[in-house]
There are 2 protein chains.
Amino acid sequence: MRVVDVFGREVLEDRTVLVGDGHILAVLPFADCPAPEAREVVDCKNRPLVPGLMDAHLHIESTMLTPQNFARAVLPCGTTEVVADPHEIANVCGVAGIRYMLDAGRDLPVRIHIALPSCVPCTPFEDAGAVLDARALADLWTEDRVCSLGEVMNVPGVLAGDGDLLAKMEAARASGHVLDGHCPGLKGRALQAYAALGIGNDHEETDCEILKEHIRAGMYVFVREGSAARSLERVLPVVTEANAHRFCFCTDDLHAEDILARGHVNAILARAVRLGLPAPCAVAMATINTAQCYGFEKVGAIAPGYVANLVLLEDLQDFRVHTVWTEGVCRVQEGEVLVSVEASDIPEPLLHSVHLKTPDRASLALAVPSGRARVIGLLPGDLCTAERIMDVKTDSAGFFSPEDNPGLCKIAVLERHKSLGLAGLGILDGYARPGLSLGGALATSISHDSHNIVVAGSRDEDMLLAVQTVERMNGGIALVRNGAVVASVCLPVAGLMSLDRANSPAHAPFVRVG
Amino acid sequence: MRVVDVFGREVLEDRTVLVGDGHILAVLPFADCPAPEAREVVDCKNRPLVPGLMDAHLHIESTMLTPQNFARAVLPCGTTEVVADPHEIANVCGVAGIRYMLDAGRDLPVRIHIALPSCVPCTPFEDAGAVLDARALADLWTEDRVCSLGEVMNVPGVLAGDGDLLAKMEAARASGHVLDGHCPGLKGRALQAYAALGIGNDHEETDCEILKEHIRAGMYVFVREGSAARSLERVLPVVTEANAHRFCFCTDDLHAEDILARGHVNAILARAVRLGLPAPCAVAMATINTAQCYGFEKVGAIAPGYVANLVLLEDLQDFRVHTVWTEGVCRVQEGEVLVSVEASDIPEPLLHSVHLKTPDRASLALAVPSGRARVIGLLPGDLCTAERIMDVKTDSAGFFSPEDNPGLCKIAVLERHKSLGLAGLGILDGYARPGLSLGGALATSISHDSHNIVVAGSRDEDMLLAVQTVERMNGGIALVRNGAVVASVCLPVAGLMSLDRANSPAHAPFVRVG
């Protein structure tokens, strides 16, 4: 077979790989291995073999799968190692959420490293389910598979010397861990200060000049290709043979249906190669570079002494996966997962995390006495929103009614962690689709980063029914139309994750909604 | 000034570097730093600034300088970090020798990391001063600045699974240290096995095809430019932008007079650039690559958060050094060392390491009854020797006499560690120079790797006087001609190192001999 060497970044022709005891023993020219006394010989034809692929940063919660079901979904894509930041579940369930992700990720065929979330809560302007200060994280640093402090997105806090944040950073450093960054747009003196404090990577930036600053500042660049945010095409022009060793790939937020439809890191590789990146360079970015960034020992290469995490591909264009071995054992063959991945017990509090003071019509009453409102404008394909000052129609009592304002709908954020009964109300422009604008509502317990219940709709009754449906499911997504629940997905684990597998029919309604 | 960025391997124009508390705070375009409120501002003109240079592998004993005097000699060359393997002194003085090198290297402006010698004794065919098994090294692994198991040159021992050697390798791994290699000519299955056991680098190989094998096997390639062995020119054709991140520079064995005459790592850089290597690539090989190979944290780059070990050069062609800072403090300015480097106490046993049963004429009597001898043939400029079977003239009693054999001289190796009175005698072809062939002798207590006393000459009386002179000096080198000592260098530290500085007049005779 062919072997991709990630050290010299070249493709070696006609090789044999000898594996024993879970490790690679030797990589030799085929001709030098006449008849190895092997227990098993696999004829790989002329297919290319690459090291197990790595996702340098993602939130498993965004796949809406438990760690076990996530592993089952990405293993056939050739993924054998990921760095998961349980930022979402931590914002709902605190340390119990992190511990669940650690426990559920134990002994899986995909090695799940954990980045300890640095920003719980994420903002003081919303109510999250937990407050994790440096002391709350203290016991977790020495846990097996904890590898970093998760994306330090509180950049102003870093620059202002926020004591608790600096204490978390110091604890991570003292444990020999990496500090993950999150600093879109940061440059100049502020970037230098951020990097000087030890932040070692970023996955947000896409501006080529700023990316060069990141590299010069010693930070690794994580090229992100998720379900929504995709930066590969913008970032690739910065990659050269000289600096390629400083780039990794990550998905950050990737939905289960995208894994099923397109793949995982292998899909990024295919796209990168289509865009002109040499295949061995792309493979290095998805393997050894990530290992070096995080200090993972003896993984990420096909070389003697390395763990035998191996992916046999059909080719180096589409990166379709033929066979996957982890620790030398065949785990996936022609798409079929051969290893049993058992679900683990989930602590009760995680399965009952929706603590909502049930709203009524009064909770949703939005008074706009002036008839002039500040409206949230959605921008197609963008995470950012626009501020729009608009004249809106109100009823005789001065309350906003979507039904009188075609194209607009009402949105509410309902505190759901401690039954505080708090609600934020607003008006949304650009969300109403035919189905919704004709009297419907969508409610979800996924709402980054605090994950309160968000509901948007054009009729209060439908909005209330959608919220009640989500509450009854202990979290999830519900679509209501004309007084009837027409689709729902149950996400009972912290209101974020399903108990079903990625390809379960239970997810079909969600896929339709998405 | 210009700043060499070793991550992107480029030269940045018009930069300002802000330093505080021994660390780099920021690297900014000059224009963005209008008037920093600095305690001190250094105008560097348009000179290039590089990170402190690193020697990835050397034996300080070969410079014949103590660690302090070595530091004083190489600091003006821009060297701020070396990995020193005290293999020579360990073969004379055992653990006491290693501990002396550790102690003498403490708190110097050049950081001296220590590789624990793996092969003491080096060979069972000679008598060394110590036997260091895995247990003898056990207490040393946790010492500050110990970074690796020194060059594992007992390749047959590795491949045969020598229990004690494997125990040393396991101890190094368990302490998180690197395993240094030494495997000239090793390739194919044997190389794969050697690398599979965790050997991470080699500094011996010069064959381009085998070097590629080393890189593919995950080993770092140390390009060696010492006083005798010089591989730069042969190795450079293998270096590409894609694999350059796997190369480092080392000197292995470098004499003090070469440091004074040519420089240290900076001289290698000058030669590499003359041979066509891009300067930023060469600098990366002498800095960040070595740091990554050994896992040295936050050194080897000019980037925020890194230790402010900085070298201001005159240019990127000759690599002449203008100013050196370590931990942000100016240590060298225009060749002058500004930091006081004090000698440390040397344990008495190290200063009296020559334990010789004084030889007499009978000790040197070499019987060649057949008149036909197996002669050691020196090859100019080569460490290897040739076997030559020659007819030689003997006296009436059948003893070899150099004076009757122009061009040949006698050589003796005299055990000097435990006064055992053992001597090995031989005949040397190609060593006699005009001075020696006319009745002279040279004796030295430096004789790799066991460092017994070696004496070569054409008259037994002169040989005995040369040996006695070395013995009286507690080690050193002595040149005798016609019954008189005409030059000598005193090397009282383990018979390997001088107490004087590199530029001391006491070394002049030696320089003449060399």
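Thresholds, definitions, all that
- Residues numbered from 1 in each chain as written.
- Chains lettered and ligands numbered in written order.
- Predicted model: local features only at pLDDT ≥ 70, side-chain atom pairs only at ≥ 80, totals over all residues.
- Heavy atoms only, no water.
- Contact = heavy atoms within 4.5 Å.
- Buried area = accessible area lost by both parts, 1.4 Å probe.
- Salt bridge = Lys/Arg side-chain N within 4 Å of Asp/Glu carboxyl O.
- Polar contact = N/O pair within 3.5 Å; in protein donor to acceptor, adjacent residues only side chain to side chain.
- Helix = DSSP H or I, 4+ residues; strand = E, 2+ residues; numbered from the N terminus.
- Nonpolar A, V, L, I, M, F, W, Y, C, P; charged D, E, K, R; others polar.
- Pairing = 2+ DSSP bridges.
- Axes fitted to C-alpha atoms, helices over the stretch in contact; angles between N-to-C directions.
- Least-squares fit on C-alpha atoms with pLDDT ≥ 70 in both.
- pLDDT = per-residue confidence, 0-100.
- Buried < 20%, exposed > 50% of the residue type's maximum accessible area, 1.4 Å probe, protein only.
- UniProt positions renumbered as here; feature names shortened; annotations may be inferred.
- Phe/Tyr/Trp six-rings, centres within 6.5 Å; stacked < 30°, edge-to-face > 60°.
- Lys NZ or Arg CZ within 6 Å of the ring centre and 35° of its normal.
- Core = buried A, V, L, I, M, F, W, Y, C linked by side-chain atoms within 4.5 Å.
- Arc of directions from axis to C-beta.

Caption draft 1: Quick look at the interface of chain A and chain B. Contact with chain A, which involves 35 residues of that partner, is made by 35 residues of chain B. With both chains or domains summed, chain A and chain B bury close to 2800 Å², and 54% of this area falls on carbon and sulfur atoms. When the area that chain A buries against chain B is broken down by residue, the three leading residues are Phe7, Gln192 and Arg216 of chain A, summing to 23%. Inspection of the region where chain A meets chain B yields 2 salt bridges. A salt bridge links Arg216 of chain B to Glu10 of chain A, with the nearest nitrogen and oxygen atoms 2.8 Å apart. At the boundary of chain A with chain B, the tally comes to 6 residue pairs in polar contact (both at pLDDT 80 or more). The set of elements that each furnish at least two residues to the side of chain A that touches chain B consists of β2 (10-12), β3 (15-20), β4 (23-29), α7 (188-196) and α8 (208-216) of chain A. Class assignment for the residues of the side of chain A that touches chain B results in 18 nonpolar, 8 polar and 9 charged.

Caption draft 2: The arrangement of the sheet that holds strand β19 (residues 385-391) of chain B in detail. All names here are of chain B. Taken in spatial order, the 8 strands of this open sheet run β19-β18-β21-β20-β23-β22-β24-β25, and their pairing is mixed. Of all the strands in the sheet, just β19 and β25 (484-490) have a single pairing partner and so form its edges. Across the sheet, the axes of successive neighbouring strands diverge by a mean angle of 25°, strand direction being ignored.

Caption draft 3: Quick peek at the sheet that holds strand β17 (residues 336-337) of chain B. Ordered by their spatial adjacency, 7 strands build an open sheet running β2-β1-β5-β14-β15-β16-β17 (chain B), and the pairing between neighbours is mixed. Each end of this open sheet is capped by a strand with a single partner; those strands are β2 (10-12) and β17 of chain B.

Caption draft 4: Focus on the relation of the copies chain A and chain B. For the match of chain A to chain B, the screw axis carries a shift of 0.0 Å, the RMSD comes to 0.0 Å, and the turn is 180°. Expressed as an axis order, the relation between the two copies is that of a two-fold axis. For chain A, the smallest separation between a C-alpha atom and the rotation axis is recorded for Glu241 of chain A, amounting to 2.8 Å. When you check the interface residues of chain A against chain B, 100% turn up at the interface there too, and the contact is symmetric in its surfaces.

Caption draft 5: How the structure looks around the confidence of the model for chain A. Across chain A, the average pLDDT comes to 94, with 96% of residues at or above 70. The complex model carries a pTM of 0.94, and its ipTM stands at 0.92.

Caption draft 6: Broad picture of the pairing of strand β22 (residues 440-444) of chain A. All names here are of chain A. Across the 5 residues of β22, 5 count as buried, placing the element largely inside the fold. Neither face of β22 is exposed, since Gly440, Leu442 and Thr444 on one face and Ala441 and Ala443 on the opposite face are all buried. Bridge count for β22 against strand β23 (residues 453-457) is 4 bridges, and the pairing is antiparallel. Paired with Ala441 across the two strands is Gly457, which belongs to β23.

Caption draft 7: Here's a closer look at the UniProt feature "domain: Amidohydrolase-related" (unreviewed entry) in chain A. UniProt records the feature "domain: Amidohydrolase-related" (unreviewed entry) at residues 49-328 of chain A, using the numbering of this structure. Each end of residues 49-328 of chain A is marked by a C-alpha atom, and these two atoms are 13 Å apart; helix forms 35% of the span and strand 20%.

Caption draft 8: Region of the structure containing the environment of Gly476 of chain B. All names here are of chain B. As for its placement among the helices and strands, Gly476 is situated in strand β24 (residues 476-481). Put simply, Gly476 and Gly495 are 19 residues apart on the chain and 5.7 Å apart in space, counted from C-alpha to C-alpha. Residues contacting Gly476, with those up to four places away along its chain left out, are Ala443, Thr444, Ser445, Val470, Val489, Cys490, Leu491 and Gly495.

Caption draft 9: Region of the structure containing the pattern of salt bridges. Taken as a whole and judged by the stated rule, the model has 49 salt bridges over all chains. Arg459 of chain A is the partner of Asp462 of chain A in a salt bridge, and the nearest nitrogen-oxygen pair spans 3.9 Å. Asp144 of chain B serves as the salt-bridge partner of Arg111 of chain B, at 3.8 Å between the closest nitrogen and oxygen. Pair noted here: Arg111 of chain B is in strand β8 (residues 111-116) and Asp144 of chain B is in the loop between α4 (134-137) and β9 (146-152), with a separation of 33 residues, a long-range link.

Caption draft 10: Region of the structure containing the packing of aromatic side chains. Residues and elements named next belong to chain A. Counted by the stated rule, this structure contains 6 aromatic pairs over all chains. Look at Phe222 and Tyr294: their rings are 6.2 Å apart centre to centre, the planes differ by 45°, and that puts the pair in the tilted class. Here Tyr294 lies in helix α13 (residues 288-294) and Phe222 lies in strand β12 (residues 220-224), a separation of 72 residues in the sequence. Neither residue differs from the other here; Phe222 and Tyr294 are each classed as buried. With a centroid separation of 5.5 Å and an interplanar angle of 15°, the aromatic rings of Tyr294 and Phe296 are classed as stacked. Judged on exposure class, the residue Tyr294 and its partner Phe296 are both buried. Three or more aromatic residues link up through ring pairs in this structure, and these residues are Phe222, Tyr294 and Phe296. The ring of Tyr220 carries Arg246 above its face, with NZ or CZ at 4.1 Å from the centroid.

Caption draft 11: Quick look at the nonpolar core. In terms of nonpolar packing, the biggest core is built from 243 residues, with Phe249 of chain A together with Phe249 of chain B touching the most fellow members. Once you skip the residues sitting within four places of it in the chain, Phe249 of chain B turns out to touch Met54, Asp55, Ala56, Val223, Leu232, Ile268, Leu269, Ala272, Leu277, Ala282, Met285 and Ala286 of chain B. Val354, Ile453, Val455 and Val480 of chain B belong to the second largest nonpolar core, which has 18 residues in total.

Caption draft 12: Examining the side chain of Arg47 of chain A more closely. Residue and element names in this part refer to chain A. Position of Arg47 among the secondary structure elements: in the loop between β4 and β5 (48-51). Here Glu314 takes part through its side chain, which lies 3.1 Å from a polar atom of the side chain of Arg47. Once residues lying within four places of it in the same chain are set aside, the contact partners of Arg47 are Met1, Arg2, Leu312, Leu313, Glu314 and His322.

Caption draft 13: Representation of helix α7 (residues 188-196) of chain B in the model. Those residues of α7 of chain B lying buried are Gly188, Leu191, Gln192, Tyr194 and Ala195 of chain B. Each buried residue of α7 of chain B sits inside an arc of 160° when the element is viewed along its axis, so together they form one side. The inward-facing, buried residues of α7 of chain B contact β4 of chain A together with β9, α5 (155-159), β10 (178-181), β11 (199-202) and α8 (208-216) of chain B. Directly beyond the C-terminal end of α7 of chain B, a positive phi value near 105° is found at Gly198 of chain B.

Caption draft 14: The environment of Pro156 of chain A, seen in detail. Its location among the elements puts Pro156 of chain A in helix α5 (residues 155-160). Residues Pro156 of chain A and Ala190 of chain A, 34 residues apart in the sequence, show an inter-C-alpha distance of 9.4 Å.

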